[in-house]
Amino acid sequence: RAMVSTVLPPGQADQCTHELECLQIGQDLRVRLNEDSCMLSCSDLGIVDEYYKFCGMHMPALPAHIEHSCTDICGLFFLLATLCILAWIGKQAIQNGSLLRLHTSTDYEGNMCGRSPGVEDKLFSYWCMHSNESSVNLKYPICVDECPQSNASSHVCYSEKLGFAALIPDYPSKNLGLSPYCWPKDYALREQVKEERSQEIGSVFRGILLIPENAWLVFPVTCVSASIMGYLYFKMLEKCVDFMILVFVLAATNLSVICGLLAFYTAYSGTDARGWVVGAGLLLFGCIAIHVLSKSDTQAAIGKAAGCIEAACECINQEVSLLMEPIVSLIVRVTILLYLFAILLLTVTCGDMERLHKYEVRKHLVFSAEESASLGFILFVTFWFMEMSTSMSQYVLAWVSERWYFTPYVNDQKLDWERHAVFKGYFNAIRYHMGSIAFGSFLILTLRPLRIMLFIFDTLQAKLCPGHQQTHFRLVRHINKDAYLMLAMCSDTFLRSAKSAEYMRNNSEGFESISMLNGLQGIFQFGGLLAISLASGLGTLLFFQLFPVFGPDTKVRDNVIWIAIACSVPIGIGYMTLFDTVGDTILYCWAVQQSRYHYRISHERPKSVTGWKGATFLPGFLGDYQGETFEKVNYAPEALRELVLGRTRRGITFPC
């Protein structure tokens, strides 16, 4: 393995373009590289135009040391072509489709409103009043060209009391746009229609009918409650992560053993025979936990993971704009989904519908080859754009976190990091790396099934054949979200960034605790999601008490609270994804800083030793070298500062 140490100016006498450093032997070589064809020539080794393989960056440049440029232009053109095709499909769907076809209603004679002969111009279905004019008759609707607006008009409707059609006065109604029915404007009549209709439809639609008209107020209340709870949760993790880990360790070890013994005692007393099984399970879990957590390697990994979590929370709490990123990402996703869902529904409505018999309508959809291809294309683009929005969010979070991390501390404070960096990160991604994000998300989406199958295949083969390496999964292992960590730092293409991130993961001591970090993050993510959901429900309930805008009905109140909790789930997932991505980025930055530190130590110390002629200066110089070099540029947060120097992190402490 060799690392490019110097890019030589053009016009060299030996036609060399780069200077390499052989990492195993520490020898410097002058070579001629052709990066387009991956060919290498070196006169010292007698090599002429031999193929070389890019394995990744051994020592990546820091974010402030490189200017970003456009990457993966082919991916950008591919994205633009996809948008053009999607626009053409949307135009065809708008011209040939109609959302009213999804819910074509019938009158009491079996005619499909807007489609059957004689009612082609009557698109809406209207429920007449009963003869006593006290309630709406849902059994015998009629087709109308527009919804009645007042009591002054009348329509010929079937009267159950009279047994024949008669002229019955209208009531004020309106069409909601989602269905062809005319809904009463009067609250009592509308509630009667909702109640009777809910008996005929499924539970999902029954719940939709119970949603009040001003339920949109739930969304801002949920966003505010989730943001406040997310900030408080990250603040608590920053201050009390050691204490929370201590509680988890005690619960996993001592508490499990104690509960297991109590279960044995209960079973021995004869009150519950199942206690033997429960007690054995708890004791086994506690013993395994004690055995695993008592190892020095596990404790060191927990220390590193806790340091990364604490540093990630410090980053989130200092750069407050990070708390806005999950909401921005959610708005982008919902907008994309609504647009694509509308095009999909309009394309579906291009199919034909036929009536099964007089009082029943069956939607029989028949598509041409072009329409079937359009539906498949829309579905694929929907998954691709969702993956792209995830990739965009991961790139922005990595961009912000890396610039925060590599901002030097001045008197234990980062003073010069970029403010409002999330919006700058989005601008940077759209300006320079939209092609890489589109291309990378396309590869991640399409290769995910293959990666899963190859991983399972190699895992089974390794169990059946001990010593077998993951030769198949290794081919696509680097195609994952970690590529955006390197892309945000070094502005390279997606594939080269993916290889560099994989190389850093496999050749850095910093990634030894990645599994422990993921495990602890998973525990805290579940707790954070639960806390945000409960906070959103309580915030909505408090809003009810202060501003009774939804009326006195407790059913409506309960439905709105459940809506708030359901809406808080994607927001909570966004905040926990923020926590996970920033934590992984902090670990990656720490590994980069550690690799640069060790490289500096191994290269500068021998040169300094040979340069000194007085032997009396050697011991003191070598002893103070680490501290002096580290203090010159201090990037790592306090939680990781000692770990960069290879020392033991402070032990678990109580928050008080």
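Look a little higher up for the structure.
In this text the structure is predicted, and so the values were computed from the model without any measurement.

1. Focus on the side chain of His68
Stage number 1. Locating His68 in the fold gives a position in the loop between β5 (47-51) and α1 (73-96).
Stage number 2. Classification of His68 as buried rests on a relative accessible area of 13%.
Stage number 3. Of note is the side chain of His68, whose polar atom sits 3.1 Å from the side chain of Arg403.
Stage number 4. From its side chain, His68 meets the backbone oxygen of Ala488 in a polar contact 3.3 Å long.
Stage number 5. When neighbours within four sequence positions are excluded, His68 is seen to be in contact with Tyr395, Trp399, Arg403, Asn428, Tyr432, His433, Leu487, Ala488 and Ser491.

2. Observations concerning the nonpolar core
Stage number 1. Grouped together as the largest cluster of nonpolar side chains are 84 residues, with contacts concentrated most on Phe234, Tyr395, Tyr405, Phe524, Tyr575 and Leu578.
Stage number 2. Per element, the largest residue contribution to this core is 15 residues, and it comes from helix α8 (residues 369-405).
Stage number 3. With residues up to four places along the chain from it excluded, the contact list for Tyr395 reads His68, Gly425, Asn428, Ala429, His433, Ile437, Tyr484, Leu487 and Ala488.
Stage number 4. One finds Met129, Val136, Cys157 and Leu189 within the second-largest nonpolar core, a separate group that totals 19 residues.

3. Some remarks on empty space enclosed by the protein
Stage number 1. Tallying each qualifying case throughout the model produces one cavity of 30 Å³ or more.
Stage number 2. There is about 60 Å³ of room inside the largest cavity.
Stage number 3. Gln394, Lys481, Asp482, Tyr484, Leu485, Thr581, Asp584 and Thr585 are the residues that line the largest cavity.
Stage number 4. If you list the elements that add at least two residues to the lining of the largest cavity, you get α11 (483-490) and α14 (554-611).
Stage number 5. When residues in the lining of the largest cavity are grouped by element, the largest group, three residues, is from α14.
Stage number 6. Tallied by class, residues from the lining of the largest cavity come to two nonpolar, three polar and three charged.

4. Some remarks on the sheet that holds β5
Stage number 1. As summarised here, the arrangement of the five strands in space is β1-β2-β3-β4-β5, forming an open sheet in which the pairing is antiparallel. The outermost strands of the open sheet, each flanked by one partner alone, are β1 (2-7) and β5. Averaged over all pairs of adjacent strands, the angle between strand axes in this sheet comes to 35°, irrespective of strand direction.
Stage number 2. Pairing of strand β3 (residues 28-34) with strand β4 (residues 39-42), which is carried by three bridges, proceeds in the antiparallel orientation. Paired with Arg32 across the two strands is Ser41, which belongs to β4.

5. A look at the layout of surface pockets
Stage number 1. Looking at the second largest pocket, its volume works out to about 1,100 Å³.
Stage number 2. Taken together, 39 residues line the second largest pocket, and the ones lying closest to its centre are Ala2, Met3, Val4, Phe54 and Gly56.
Stage number 3. Elements that contribute at least two residues to the lining of the second largest pocket include exactly β1, β2 (18-22), β3 and α12 (494-506).
Stage number 4. For the lining of the second largest pocket, the leading source of residues is β1, giving six residues.
Stage number 5. Of the residues in the lining of the second largest pocket, the class split is 24 nonpolar, nine polar and six charged.

6. Looking at the state of the cysteines
Stage number 1. The final tally for this structure, using the stated rule, is three disulfides.
Stage number 2. Here Cys113 connects covalently by a disulfide to Cys143, the sulfurs 2.0 Å from one another. An S-S torsion of about -80° defines the bridge between Cys113 and Cys143 as left-handed. Of this pair, Cys113 sits in the loop between α1 and β6 (124-129) while Cys143 sits in strand β7 (residues 136-144), placing them 30 residues apart in sequence. Assigned by exposure class, Cys113 and Cys143 land together as buried.
Stage number 3. Shown here is the disulfide that connects Cys128 with Cys157, its sulfur atoms set 1.8 Å apart. Where Cys128 bonds to Cys157 through sulfur, the torsion about that S-S bond is close to -60°, and the disulfide is left-handed. Residue Cys128 is found in strand β6, and its partner Cys157 is found in strand β8 (residues 154-159); the two are separated by 29 residues along the sequence.
Stage number 4. For Cys128, a relative accessible area of 3% gives the class buried.
Stage number 5. With relative accessibility at 1%, the residue Cys157 sits in the buried group.
Stage number 6. If you count the bonded cysteines of the protein from the N-terminus, they pair up as 1-3, 2-5, 4-6.
Stage number 7. You can see Cys223 has no disulfide; the closest cysteine sulfur is in Cys567, sitting 8.3 Å from it.

7. A word on the pattern of salt bridges
Stage number 1. Enumeration over the complete set of coordinates arrives at five salt bridges.
Stage number 2. Arg448 serves as the salt-bridge partner of Glu387, at 3.1 Å between the closest nitrogen and oxygen. Within this pair, whereas Glu387 is found in helix α8, its partner Arg448 is found in helix α10 (residues 434-464), the two being separated by 61 residues in sequence.
Stage number 3. Accessibility expressed as a relative area gives 34% for Arg448, which makes it partly exposed.
Stage number 4. For the salt bridge of Glu502 with Arg477, the shortest nitrogen-to-oxygen distance reads 2.9 Å. With Glu502 in helix α12 and Arg477 in the loop between α10 and α11, this pair connects stretches of sequence that are 25 residues apart.

8. A short note on α1
Stage number 1. For α1, spanning 24 residues, the distance from its first C-alpha to its last is 35 Å, which sits close to the expected 34 Å at 1.5 Å a residue.
Stage number 2. Burial in α1 covers these residues: Gly75, Leu79, Thr82, Leu86, Ile89, Gly90 and Ala93.
Stage number 3. Buried residues in α1 make contact with α7 (325-348), α8 and α10.

9. A closer look at the pairing of β8
Stage number 1. With six bridges joining them, β8 and strand β9 (residues 164-169) adopt antiparallel strand pairing. From the neighbouring strand, Ser154 faces β9, where its bridge partner is Pro169.
Stage number 2. The hairpin formed by β8 and β9 contains four residues between the paired strands, and Gly163 there has a positive phi angle of roughly 85°.

10. Here we look at the packing of α8 against α10
Stage number 1. Taken N-terminus to C-terminus, the directions of α8 and α10 make an angle of 120°; their axes are 8 Å apart at the nearest point. Considering their axes alone, α8 and α10 lie oblique with respect to each other. The handedness of the crossing between α8 and α10 comes out as right-handed. Contact residues: α8 offers Phe380, Phe383, Trp384, Glu387, Met388, Ser391, Met392 and Tyr395, while α10 offers Met434, Ile437, Ala438, Ser441, Phe442, Ile444, Leu445, Thr446 and Arg448.
Stage number 2. The residue inventory of the contact of α8 with α10, partitioned by class, reads twelve nonpolar, three polar and two charged.

Definitions and cut-offs
Residues numbered from 1 in each chain as written. Predicted model: local features only at pLDDT ≥ 70, side-chain atom pairs only at ≥ 80, totals over all residues. Heavy atoms only, no water. Helix = DSSP H or I, 4+ residues; strand = E, 2+ residues; numbered from the N terminus. Buried < 20%, exposed > 50% of the residue type's maximum accessible area, 1.4 Å probe, protein only. Polar contact = N/O pair within 3.5 Å; in protein donor to acceptor, adjacent residues only side chain to side chain. Contact = heavy atoms within 4.5 Å. Core = buried A, V, L, I, M, F, W, Y, C linked by side-chain atoms within 4.5 Å. 1 Å grid on protein atoms, 1.4 Å probe; cavity = no way out; pocket = protein on both sides within 12 Å on 5 of 7 lines; lining within 4 Å. Points joined across faces, edges and corners; volume = space filled by probe spheres on them. Nonpolar A, V, L, I, M, F, W, Y, C, P; charged D, E, K, R; others polar. Pairing = 2+ DSSP bridges. Axes fitted to C-alpha atoms, helices over the stretch in contact; angles between N-to-C directions. Disulfide = S-S within 2.5 Å. Salt bridge = Lys/Arg side-chain N within 4 Å of Asp/Glu carboxyl O. Expected span 1.5 Å × (residues − 1). Parallel < 35°, antiparallel > 145°, perpendicular 65-115°, else oblique. Left-handed = near helix turned anticlockwise from the far one by under 90°.

These figures come from the coordinates and say nothing about function on their own.
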